[in-house]
Amino acid sequence: MGLHGVKAVFFDLDNTLIDTAAAGRRAIEERPPRPLQVISALQSKHHYGEGEARAVCDKVQAKLLKECHDPAKMCITDLRISHWEEAIQETIGGEANRDLAAECYYLWKTTRLQHLTLAEDTRAMLTELRKGLRLLLLTNGERQTQREKIEACACQPYFDAIVVGGEQKEEKPAASIFHYCCDLLGVQPAECVMVGDSLDTDIQGGLNAGLKATVWLNKAMTAPVDTSPVPHYIISSVLDLPAVLQKMEHNTNSKLETDHMAGSNE
C-alpha cells in the first residue's frame with residue numbers, strides 16, 4: 001500500500017491496539033476455575049464479603065485513574081501497592097496491611113498482563129500496512145509498566161520503532177515526542193498520521209506536532225464533551241484505519257488532478 005504524502009503511521013497502545021481497560025476488569029472480576037482473581041481471592045482466602053472486595057477494587061480503579069507518578073520519588077510497584085493498601089484500609093479500617101496489598105497488586109498485575117493480547121485481525125492489518133508504510137508505536141506511561149505490556153502482547157515485530165513516553169523528556173501531547181518519532185523513522189511530520197483513543201494526548205499531540213492527519217478511535221462513537229481538539233477522522237474500530245488511509249489517498253489524488261488541470265489552463 002503506497003500512499004501519496006503518507007509515509008508513517010503512529011499508533012497509541014492502550015485501548016487502541018490492545019484493550020487494557022477490559023484486561024484490568026477481567027483481572028478483578030474473573031472467578032475459578034480460572035486462576036483466582038482479586039475479588040475471588042479476597043473472598044475465599046481472606047474472608048471478605050463480596051461487597052467489601054468490590055469496594056476495595058473500585059477504590060483502586062479510581063486511584064489508578066487519578067495516578068500521578070514521579071519515578072524520582074517512588075517506583076511504580078511501590079506506588080501501586082500503596083493504592084491497594086490505602087483502598088483496603090479505607091474499606092475495612094484497622095491497621096495498614098502491606099502484605100495483603102502486595103498480594104492483591106501482583107495478582108491483578110499478572111492477570112491483567114495475561115489478558116493483554118493483540119488480536120489476530122489487528123496483527124493482519126499491521127502486517128499489511130507495513131508493506132507500504134513505516135509503523136511506530138507511541139505510548140505514554142511509566143517505562144516498566146509499558147514495556148511489560150508491550151512484551152505481554154508481543155507487538156514488537158509489527159513496528160519499525162517503539163517509543164515509551166516515560167523514557168523521554170516529554171510525553172504526548174508535547175510536540176517534541178512526536179518530532180523525536182519522526183526523526184527515528186526519517187520522515188517529516190507532514191508525512192505522518194497519528195491513531196489513538198485519547199483526544200487530549202493522541203489527537204492534541206498530533207495537532208501540536210503538525211502531523212498530516214489525526215485519527216481518533218472512538219469505540220462508542222459518542223460526541224466529545226467539548227469541541228476541541230478536533231480530529232481529522234473518527235473511527236469506531238482500529239480495523240477501519242485502512243479505509244481512512246485509502247480515503248486520504250483518494251483525496252490527495254483528486255487534489256493533484258485538480259492542481260494539474262488548473263496548471264494546464266493557465
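Residues numbered from 1 in each chain as written. Predicted model: local features only at pLDDT ≥ 70, side-chain atom pairs only at ≥ 80, totals over all residues. Heavy atoms only, no water.

**Things to note about the pattern of salt bridges**
Here is the rule: We define a salt bridge as a contact between a side-chain nitrogen of Lys or Arg and a carboxyl oxygen of Asp or Glu at a distance within 4 Å. Put simply, DSSP marks the helices as runs of H or I at least four residues long and the strands as runs of E at least two long, and each gets a number from the N terminus on. Buried means the residue's accessible area, taken with a 1.4 Å probe over protein chains only, is under 20% of the maximum for its type, while exposed means over 50%, and partly exposed covers the values in between.
Per the counting criterion, the structure on display carries 16 salt bridges. A salt bridge links Arg-80 to Glu-67; the nearest nitrogen and oxygen atoms lie 2.9 Å apart. You can see Arg-80 sitting in helix 4 (residues 76-92) and its partner Glu-67 sitting in the loop between helix 3 (50-65) and helix 4, a full 13 residues away along the chain. Residue classification places Arg-80 among the buried residues on the basis of a relative accessible area of 12%.

**A closer look at the packing of helix 3 against helix 4**
Worth spelling out the cut-off: Here the axes come from fitting lines to C-alpha atoms, over the contacting stretch only for helices, and the angles between their N-to-C directions go from 0 to 180 degrees. Any angle between 65 and 115 degrees counts as roughly perpendicular, while under 35 counts as roughly parallel, over 145 as roughly antiparallel, and the rest as oblique. A crossing counts as left-handed when the near helix is turned anticlockwise from the far one by less than a right angle, and as right-handed when that turn is clockwise. Contact definition: two residues touch when any of their heavy atoms are within 4.5 Å. All amino acids are sorted into three groups, where Ala, Val, Leu, Ile, Met, Phe, Trp, Tyr, Cys and Pro are nonpolar, Asp, Glu, Lys and Arg are charged, and the leftover types, Gly among them, are polar.
The contact between helix 3 and helix 4 brings their axes to 9 Å, and the two run at 135 degrees. Accordingly, the angle class assigned to the pair helix 3 and helix 4 is oblique. The interaxial crossing formed by helix 3 with helix 4 has right-handed handedness. In contact with Glu-52, Ala-55, Val-56, Cys-57, Lys-59, Val-60, Lys-63 and Leu-64 of helix 3, helix 4 contributes Arg-80, His-83, Trp-84, Glu-86, Ala-87, Ile-88, Glu-90, Thr-91 and Ile-92. Grouping the amino acids of the contact of helix 3 with helix 4 by side-chain chemistry returns nine nonpolar, two polar and six charged.

**Observations regarding the pairing of strand 1 (residues 8-11)**
Quick note on the threshold: DSSP bridges decide pairing: two strands pair if at least two such bridges lie between them.
Of the two faces of strand 1, both are covered, the one formed by Ala-8 and Phe-10 as well as the one formed by Val-9 and Phe-11. With four bridges connecting them, strand 1 and strand 2 (residues 134-139) associate as parallel partners. Residue pairing across strands places Val-9 opposite Leu-135, the latter belonging to strand 2.

**A short note on the nonpolar core**
Our working definition: Nine residue types can take part in a nonpolar core, namely buried Ala, Val, Leu, Ile, Met, Phe, Trp, Tyr and Cys, and a core is a set of them joined through side-chain atoms within 4.5 Å.
By size, the foremost hydrophobic cluster in this structure holds 33 residues, and its most contacted members are Val-9, Phe-11, Phe-159, Val-193 and Leu-241. Put simply, the parts of the chain that give this core at least two residues each are strand 1, helix 6 (120-129), strand 2, helix 7 (143-153), strand 4 (192-196), strand 5 (213-217), strand 6 (233-235) and helix 10 (241-265). Take this core: its biggest share by element is four residues, from helix 10. Ranked by size, the runner-up nonpolar core spans 20 residues in total, among them Val-38, Ile-39, Cys-57 and Trp-108.

**A look at helix 3**
What counts is decided by this rule: A helix is expected to span 1.5 Å multiplied by its residue count minus one.
The end-to-end C-alpha distance of helix 3 is 23 Å, a good match for the 22 Å that 16 residues give at a rise of 1.5 Å each. In this structure, the buried residues of helix 3 make contact with helix 1 (20-29), helix 2 (38-44) and helix 4.

**Things to note about the packing of aromatic side chains**
Under the convention used in this document: Stacked, tilted and edge-to-face are the three classes assigned to paired rings of Phe, Tyr and Trp, where Trp is represented by its six-membered ring and a pair needs centres within 6.5 Å; plane angles under 30 degrees give stacked, over 60 edge-to-face, the rest tilted.
Following the criterion strictly, the structure yields three aromatic pairs and no others. Ring centres 6.1 Å apart and planes at 70 degrees place the aromatic pair Phe-11 and Phe-159 in the edge-to-face group. Here Phe-11, found in strand 1, pairs with Phe-159, found in the loop between helix 7 and strand 3 (161-164); they are 148 residues apart in sequence, far enough to count as distant. The same class applies to Phe-11 as to Phe-159, namely buried.

**A word on the environment of Gly-132**
Its location among the elements puts Gly-132 in the loop between helix 6 and strand 2. On the accessibility criterion, Gly-132 (35% relative accessible area) is partly exposed. The spatial distance from the C-alpha of Gly-132 to the C-alpha of Ala-8 is 9.0 Å, given a sequence separation of 124 residues.

**Regarding the domain arrangement of the protein**
Formally: How far each domain reaches was decided by an automatic or database domain assignment. What gets called buried area is simply the loss in accessible area from a 1.4 Å probe that two parts show on being joined, summed for both.
Under the domain assignment, the protein is made up of domain 1 (8-19 + 118-263) and domain 2 (20-115). A straight line from the C-alpha centre of domain 1 to that of domain 2 covers 32 Å. Counting from both sides, the interface comprises ten residues of domain 1 and, opposite them, eleven residues of domain 2. Roughly 830 Å² is buried in total at the junction of domain 1 and domain 2, and carbon and sulfur atoms are behind 49% of that figure.

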